[in-house]
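# Observations on chain architecture
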Amino acid sequence: MEIIITKGNNRNTLTCKRENNTTTSLNLGPDLPNHDIAHYVIETKFNMKKGFYGAIKSGMSIEELSDKNTIKKLGSESWLAEIMTRNLQGIGSGAVAIEQFIALVKWEAKGFKNMTIPEMDINMIKDLKTEFDYLCDRWDKIPEGAQLNLTF
């Protein structure tokens, strides 16, 4: 699946083009797409098939995944992807130290049944941060009207 994040005049757009050429798209508003980039990093590095992008790849729309009732019905891997994404974003913003990531993920995951946390070590978390920072830097450098293209 192709993930296309388009930089607009204070309006950014996330578009996902599936292998069958169907698409789903949503205006992200003026916010930077750091959360969507963090999802990409987490879900690709941990080979998650049922996270945000996996759900889109399987046919769900971005709008469906924004609906509270739909979110409640998503499985544990989707919730784990969200927990890990939030904490990676926290590392990127400086709110979370790299050394805290694993403990925070485990702590948040305690509230969910049947959630399997992947094996992680500090070097993996450093690699996640490096990839996240790299993609956010690429985003920052592209001009208005240009796109950040990722493959999921």
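Here, the structure is the one placed above.
Residues numbered from 1 in each chain as written. Predicted model: local features only at pLDDT ≥ 70, side-chain atom pairs only at ≥ 80, totals over all residues. Heavy atoms only, no water.

Time to look at helix α5 (residues 101-109). All buried positions along α5 are accounted for by F101, V105 and A109. Seen along its axis, α5 keeps its buried residues to an arc of 60°; they face one direction. Every exposed residue of α5 that faces more than 90 degrees away from the buried side is listed here: A103 and W107. Of the surrounding secondary structure, the elements contacted by the buried residues of α5 are α1 (34-45), α4 (76-93) and α6 (122-141). (Buried < 20%, exposed > 50% of the residue type's maximum accessible area, 1.4 Å probe, protein only. Helix = DSSP H or I, 4+ residues; strand = E, 2+ residues; numbered from the N terminus. Arc of directions from axis to C-beta. Contact = heavy atoms within 4.5 Å.)

Turning to the packing of aromatic side chains, a few remarks are in order. For the coordinates displayed, the defined rule picks out 3 aromatic pairs. Pairing F52 with Y53 gives two aromatic rings, centres 5.0 Å apart and planes at 75°, and the pair type is edge-to-face. Taking the relative accessible area as the measure of exposure, F52 reaches 14% and is therefore buried. Taken together through their ring pairs, the aromatic side chains of F52, Y53 and F152 make up a single cluster. Positioned above the aromatic ring of W139 is the side chain of K7, whose terminal nitrogen or guanidinium carbon lies 4.9 Å from the ring centre. (Phe/Tyr/Trp six-rings, centres within 6.5 Å; stacked < 30°, edge-to-face > 60°. Lys NZ or Arg CZ within 6 Å of the ring centre and 35° of its normal.)

Moving on, we get to the sheet that holds strand β2 (residues 12-17). The sheet built from 4 strands is open, its strands ordered β3-β2-β1-β4 with antiparallel pairing. The outermost strands of the open sheet, each flanked by one partner alone, are β3 (23-29) and β4 (147-151). Sheet twist, expressed as the average angle between the axes of neighbouring strands with direction ignored, equals 15°. Bridge count for β2 against β3 is 6 bridges, and the pairing is antiparallel. The residue bridging N12 from the neighbouring strand is G29, located in β3. Lying over the sheet, α1 contacts β1 (2-6), β2, β3 and β4, oriented at roughly 20° with respect to β4. (Pairing = 2+ DSSP bridges. Axes fitted to C-alpha atoms, helices over the stretch in contact; angles between N-to-C directions.)

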